[in-house]
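Below are the chains, spelled out letter by letter.
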Amino acid sequence: MSQPATPPVPSHELIPPPPPSASPDAPVSPLSFSSIVAGYIEQGARVLGVDDFITTILKEPANELIIHFPVRMSNGSTRLFKGYRVQHSNALGPFKGGIRFHESVTLDTCRAVAAIATIQCALMKLPFGGGSGGIKFDPRSVSEEDLQRISRRFFFAFGNNVGPESDVAHPDLGTSSKIMAWGMDTYANTIGNQLAEAARAVVTGKPLAIGGIEGRERASGQGIVHVIRQWADEHGLDLAGATMATLGFGNVGSQAAMLLAKLGVSTVAVGDHSGFLLNEEGLNPHKLHEYAARHGSIAGYPGGRSISREEFFSTRTDIFLPAALHHQIGSLEASMLRPRLIVEGAYGPLTPEAEAVLVARGVDILPDVLANAGGAIVSYFEWAQNRRSESWPVSVTEEKLERRMKQTYREISQLARARGLSLRIAAYAIALGRLQAVYRERDLFPLLGSWADLLDFLHFLDGQPEGKHFSGFPSLLPTRKPHYRNHPRLLTQPAKRYLPRAPAMGSSHLRQHPQQPSGSGDLCWGEPGLSPPSPWWGWCIVVLTG
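Residues numbered from 1 in each chain as written. Predicted model: local features only at pLDDT ≥ 70, side-chain atom pairs only at ≥ 80, totals over all residues. Heavy atoms only, no water.

Asker: Got a minute to help me understand the sheet that holds strand S2 (residues 78-87) in this structure?
Answerer: Strands in a sheet are paired, the pairing made by backbone hydrogen bonds, and the direction either parallel or antiparallel. Pairing is mixed in the open sheet, where five strands are placed in the order S1-S2-S4-S3-S5. The outermost strands of the open sheet, each flanked by one partner alone, are strand S1 (63-72) and strand S5 (167-171). Neighbour-to-neighbour, the strand axes of this sheet turn through a mean angle of 25°, independent of strand direction. (Pairing = 2+ DSSP bridges. Helix = DSSP H or I, 4+ residues; strand = E, 2+ residues; numbered from the N terminus. Axes fitted to C-alpha atoms, helices over the stretch in contact; angles between N-to-C directions.)

Listed below in structure tokens is the structure:
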């Protein structure tokens, strides 16, 4: 039997849960993760008076895909895996979101993260909507050969539901650039050679050799550094000599710690799924990162002493960076924390109860939709380069990332001060305002009603004078469906012609199309002299014949 292999990127973001005897205030919220995010959407919408129909749409995902797929493992056994892909909104562009391989993956988690990703993309002005997905299993428990089989089968199972123009994936918890490379190659071999070049953009976070972008690995950590610097400048915190504790030491936590060390920030406490470490003089984040990459966790690192969970949360620091799973900090943990600033490196690390405790104490919170947006931004840069067959110098990527992170922070901070809002709700409000502008311009498809509404309208016309003009009657379904074209009510009405008014076309009235025979019993589309229009065109004449 093959020996389990360490994944290319350590999957050690999860911290150990409290013991069964822990206080009921432990990190457990009575609400589901997705319902909490829906609540943030409602709060943000109220700030700017966002249309109710937009809030209704964004509180639920557009699509939810659950797949079960078999994999023949290297030991000859067959395992059935459960995978998810939630596509939240594509109003701004293709769905975009991470792929997680972790035993904690659930449909509700994917729904919440996909909704957060939609808000994040709108906030950062990225041409994407939100998505999220993954497989419910522990990638550390299988060999690399089996990990490749599982990854490829997972990407293959989604078929046409993913693509560079429809749904783009990137690495998340438990996945890596190597897994993205397998996903891209699987997709490319599925669609054939004709679109092989475009296939590179189906995933981001790829290795450089196959279209990746330099700087992607540290992008999330780099984005965190930019917003911390902005906050520190506003609040008079000298980062040279500041202290930090990090919960989760995977890619996000470790990269942020290493980058902040260059500014003089000392990481004194770190926690991951294996336990907690403390060094009052400061841990060496570079050496700890190398150690964790080799051993799969921080356990046994000689540069710090092991401490309890309670000691970790009680350690006094200037900055606290939760970069583990969602809802790892409840009101019990919040009551022990005493930082000046919390920076959400993970999606939803605080329960609402914990956030209330911290806000009441005056602790500032840089929300996930802002703080960890660096990865989404640089993923967009990679996607854009793949589509254009370009390659940017890393200096260009980092300059563009810094400018966008700082500009967005300033916008959020200004709205929060002006309206007396938390930074989280200010961020949601800005994002929802941008989404509202898109929905208002695009409107809904179709606009109103159904064929039942059309037949009700025809019934109403029976007693109306010939030639009367009506307004506000949109056509909604193609007239080329024979079942509807020959509907008895259309064929048995008295011979009248009704000319609905078309406000979108000024004061003109629609006329029967010259290619449409009079008395055919059909719905007739267009204006005189036009070629046959689209069957989804917005206004019509109804010609009724006896």
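Let us keep going from here.
Asker: What is the right way to read a nonpolar patch on the surface from this model?
Answerer: Together, Phe53, Ile57 and Leu444 make up a nonpolar patch on the protein surface, roughly 200 Å² of accessible area in all. Within the secondary structure layout, Ile57 lies in helix H2 (residues 52-58). Taking the relative accessible area as the measure of exposure, Ile57 reaches 30% and is therefore partly exposed. (Patch = residues over 30% accessible without salt bridge, like charges linked within 9 Å, V, L, I, M, F, W, Y side chains within 5 Å. Areas by Shrake-Rupley, 256 points an atom, 1.4 Å probe, with all protein chains shown as cover. Salt bridge = Lys/Arg side-chain N within 4 Å of Asp/Glu carboxyl O. Buried < 20%, exposed > 50% of the residue type's maximum accessible area, 1.4 Å probe, protein only.)

Asker: Where do I start with the packing of aromatic side chains in this structure?
Answerer: What characterises a pair of aromatic rings is the spacing of the ring centres plus the angle enclosed by the ring planes. This structure, assessed with the given rule, holds 18 aromatic pairs. Here the aromatic rings of Phe81 and Phe137 are separated by 5.4 Å at their centres, their planes lie at 80°, and the arrangement is edge-to-face. Here Phe81, found in strand S2, pairs with Phe137, found in the loop between strand S4 (129-135) and helix H4 (144-158); they are 56 residues apart in sequence, far enough to count as distant. The exposure class of Phe81 is buried, given its relative accessible area of 2%. Measuring from ring centre to ring centre gives 4.9 Å for Phe276 and Phe312, while their planes differ by 35°; the resulting arrangement is tilted. Placement of the pair is Phe276 in strand S8 (residues 275-278) and Phe312 in helix H9 (residues 309-314), with a sequence separation of 36 residues. (Phe/Tyr/Trp six-rings, centres within 6.5 Å; stacked < 30°, edge-to-face > 60°.)

Asker: Any chance you could explain helix H3 (residues 107-123) here in plain terms?
Answerer: Two residues of an α-helix separated by three or four positions point the same way, owing to the 3.6 residues in each turn. Spanning 17 residues, H3 covers 24 Å between terminal C-alpha atoms, matching the ideal 24 Å at 1.5 Å per step. Most of H3 sits inside the fold, with 14 of its 17 residues counted as buried. The first or second residue beyond H3 is Lys125, which carries a positive phi of 60°. (Expected span 1.5 Å × (residues − 1).)

Asker: Explain the nonpolar core to me, please; I cannot follow it from the model alone.
Answerer: Across soluble globular proteins, nonpolar side chains show a tendency to be buried alongside one another. Residues Leu123, Val343 and Leu366 are the most contacted members of the largest nonpolar core, which totals 88 residues. Element by element, the count of residues in this core is highest for helix H15 (residues 423-442), at 12 residues. Membership of the second largest hydrophobic core comes to 27 residues, among which are Leu147, Ala169, Met184 and Val202. (Core = buried A, V, L, I, M, F, W, Y, C linked by side-chain atoms within 4.5 Å.)

Asker: Is there a simple way to explain the sheet that holds strand S10 (residues 319-322) in this structure?
Answerer: On the basis of which strands lie adjacent, the open sheet formed by seven strands has the order S9-S8-S7-S6-S10-S11-S12 and mixed pairing. This sheet does not close on itself; its edge strands, each paired only once, are strand S9 (305-307) and strand S12 (364-366). Strand-to-strand twist of the sheet, defined as the mean angle between neighbouring strand axes without regard to direction, takes the value 20°. As paired strands, strand S7 (residues 266-272) and S8 are joined by four bridges and run antiparallel to one another. By the bridge assignment, Gly271 is partnered in S8 with Phe276. Packed on one face of the sheet, helix H6 (residues 219-235) meets S10, strand S11 (341-343) and S12 and runs near 150° to S12. Lying over the sheet, helix H7 (residues 251-261) contacts strand S6 (243-247), S7 and S10, oriented at roughly 165° with respect to S6. (Contact = heavy atoms within 4.5 Å.)

Asker: What's the story with the packing of H6 against helix H14 (residues 394-419) in this structure? I'm lost.
Answerer: Running from N to C, H6 and H14 cross one another at 45°; their axes reach a closest spacing of 9 Å. By the angle between their directions, the pair H6 and H14 is classed as oblique. When you trace H6 past H14, the crossing you get is right-handed. Note on element contacts: H14 touches H6 through Leu401, Glu402, Met405, Lys406, Tyr409, Arg410, Ser413 and Arg417, opposite Ala219, Gln222, Gly223, His226, Val227, Gln230, Trp231, Glu234 and His235. (Parallel < 35°, antiparallel > 145°, perpendicular 65-115°, else oblique. Left-handed = near helix turned anticlockwise from the far one by under 90°.)

Asker: Can you walk me through the pattern of salt bridges in this structure?
Answerer: Think of it this way: side chains of opposite charge can pair up when their charged atoms draw near. This structure, assessed with the given rule, holds 23 salt bridges. With a closest N to O distance of 2.6 Å, Arg111 and Glu64 form a salt bridge. With Arg111 in helix H3 and Glu64 in strand S1, this residue pair connects regions lying 47 residues apart in the sequence. Residue classification places Arg111 among the partly exposed residues on the basis of a relative accessible area of 22%. Where Glu402 meets Lys406, a salt bridge forms, and the shortest distance between an N and an O atom there is 2.6 Å. Here Lys406 and Glu402 lie together in helix H14, a separation of four residues that amounts to about one turn.

Asker: What should I look at first to understand the packing of H6 against helix H13 (residues 374-388) in this one?
Answerer: Think of two packed helices as two axes; the pair is described by the angle between the axes and how far apart they sit. Contact geometry for H6 and H13: axes closest at 7 Å, N-to-C directions at 125°. In terms of orientation, H6 lies oblique with respect to H13. Crossing angle aside, the handedness with which H6 passes H13 is right-handed. For the pair H6 and H13, contact is made by Ala219, Ser220 and Gly223 and by Gly374, Gly375 and Val378, respectively.

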